Amino acid sequence: MRSLIKCLESIKNSTNIAIFSHMAPDADALASAVALKKIIKANYGDDKIVDLFFDYDEIGEVNNVIIKGAVHNFQRCNNYELGIALDCANSNRLGKYEEMFNSCAMRVNIDHHITNDEFADNNLVLKTSSTCEALYLLFKFKNFIMNDDVCSLIYSGIITDTNNLTQGAITTRTHKIIAEMLERKINLDALNEHFFKNNTKNKAFLLKKALDSLKFYQDDRIAYMKLTKGDLASCEATFDDTVGIVNHGIEIKGVDIAILAIKQEDDSYYVSLRGKNTINVADIATKMGGGGHEHVAAFQYAGTYGSLFDSLIAACKEELKNHSPESIVEILFSGDGDAETTNKE
């Protein structure tokens, strides 16, 4: 089922609600969860029980500010009337809280990933830049009261999930929402500085490790980086410090697919993918058991490094085979010009 009205009705009629996000939550997952709780409390009454659940080992300093003061992972009900999963393409991404979500009497799935497998009773999978943008549209539809705190959370989710509006499913609607934030006089400069100009020295050292591992394949159309547990330990870095590193690969001229493979504490691998031009890395991630967006995707892999590398490069080669390396920008500027628009004396 896909019903915005039913979603709103289930929120209104439930006395206790559990909100979940994916494992190792990023800023969009955290911000959307906290924003939704604030909206429910402000618009449906503070007497509702609304609990937040995040499966993580550690939240980095930059993202920790989002949940500072927000009580989470404290279960007040044996079985919740309503469970809401945010920013999860499938139920496995809920990690240790998957069973709790499935035990809820009604389950709602709100997401923006094109690979979402619609695992809940009601699935609102919207073509938006982020889950925060999807929630903002829901809030606007219902004319919910939104204070500056909620809008700051929404903006944070949008800019981080789009790498400051440079990637992902960005539309004119996304820019209109940003304009509305400006009109509300949200301190966008402070938020941009916090999320994009606030890297630690540890992350800088970790970036050096990743760049030292950089290799190119398939006529330099694939940029491949990797990080080991030892790399993170030697830099005193956390998993959060790996966020954004893969973008350095896709920024290289001629590269159509960038890969960052990270070995985790349980010896599995978390792999981030970035694409550009007409390349669809979501298709690659789906073949590897993950998902995402056309140009931003990821997956987790439990096998050996050798099997990961071979399978992933093979999937990338298959995707590249169907796409020309010609630059879209070169095509855009390849015309001879319009005589009516040329300068005239």
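Residues numbered from 1 in each chain as written. Predicted model: local features only at pLDDT ≥ 70, side-chain atom pairs only at ≥ 80, totals over all residues. Heavy atoms only, no water.

A. Quick look at the overall build of the chain. Helix and strand counts for the chain come out as 14 helices and 11 strands. Computed over C-alpha atoms, the radius of gyration of the chain comes to 21 Å, within 12% of the 20 Å expected from 2.2 N^0.38 for 345 residues, which places it in the range of a compact globule. Taking the principal axes of its C-alpha atoms as reference, the chain extends roughly 65 × 60 × 40 Å. When each of the 345 residues of the chain is scored for burial, the buried share is 48%. Once local pairs closer than 6 in sequence are excluded, the contacts in the chain between residues at least 24 apart make up 65%. The centroid of the 36 positive side-chain charges in the chain is displaced by 2 Å from the centroid of its 49 negative side-chain charges. (Helix = DSSP H or I, 4+ residues; strand = E, 2+ residues; numbered from the N terminus. Rg over C-alpha atoms; globule rule 2.2 N^0.38 Å. Buried < 20%, exposed > 50% of the residue type's maximum accessible area, 1.4 Å probe, protein only. Contact = heavy atoms within 4.5 Å. Lys, Arg positive; Asp, Glu negative; His and termini not counted. Charge placed at Lys NZ, Arg CZ, Asp CG, Glu CD.)

B. Structural view of helix α1 (residues 4–13). Taken together, the buried positions of α1 are occupied by C7, L8, S10 and I11. Each buried residue of α1 sits inside an arc of 160 degrees when the element is viewed along its axis, so together they form one side. Pointing more than 90 degrees away from the buried face of α1 are the exposed residues K12 and N13. N-cap assignment for α1: the residue whose side-chain oxygen lies 3.0 Å from the backbone N of K6 is S3. (Arc of directions from axis to C-beta. Polar contact = N/O pair within 3.5 Å; in protein donor to acceptor, adjacent residues only side chain to side chain.)

C. Fine view of the packing of helix α6 (residues 148–161) against helix α7 (residues 172–183). At a minimum axis distance of 11 Å, the contact between α6 and α7 shows a crossing angle of 145 degrees. The hand of the α6/α7 crossing is left-handed. Of the residues in α7, those touching α6 at C151, I154, Y155 and I158 are T174, I177, I178 and M181. Here the residues of the contact of α6 with α7 are counted per class, giving seven nonpolar, one polar and no charged. (Axes fitted to C-alpha atoms, helices over the stretch in contact; angles between N-to-C directions. Left-handed = near helix turned anticlockwise from the far one by under 90°. Nonpolar A, V, L, I, M, F, W, Y, C, P; charged D, E, K, R; others polar.)

D. Representation of the side chain of S213 within the structure. On the secondary structure map, S213 appears in the loop between α9 (201–212) and β6 (215–217). Since its relative accessible area comes to 16%, S213 is described here as buried. Within polar-contact distance, the side chain of S213 engages the backbone oxygen of A210 at 2.6 Å. There is a polar contact of 3.0 Å between the side chain of S213 and the backbone nitrogen of K226. Apart from the residues lying within four places of it in its own chain, the contact partners of S213 are Y224, M225 and K226.

E. Quick look at the sheet that holds strand β5 (residues 122–125). The strand order β2-β1-β3-β4-β5 describes an open sheet built from five strands, whose pairing is parallel. The outermost strands of the open sheet, each flanked by one partner alone, are β2 (49–53) and β5. Within the sheet, the average angular offset between the axes of one strand and its neighbour, ignoring direction, is 15 degrees. Judged from the four bridges that link them, strand β4 (residues 106–111) and β5 form a sheet pairing that is parallel. Among the inter-strand pairings, D111 is bridged to a residue of β5, identified as V125. (Pairing = 2+ DSSP bridges.)

F. Summary view of helix α8 (residues 188–196). When we look at burial in α8, the residues that qualify are L188, L191, N192 and F195. Buried residues of α8, seen end-on, are gathered within an arc of 100 degrees and therefore sit on one face of the element. Those residues of α8 that are exposed and aimed more than 90 degrees away from the buried face are D189 and E193. Among the structural elements, α2 (27–44), α3 (61–67), α6 and α7 are those in contact with the buried residues of α8.

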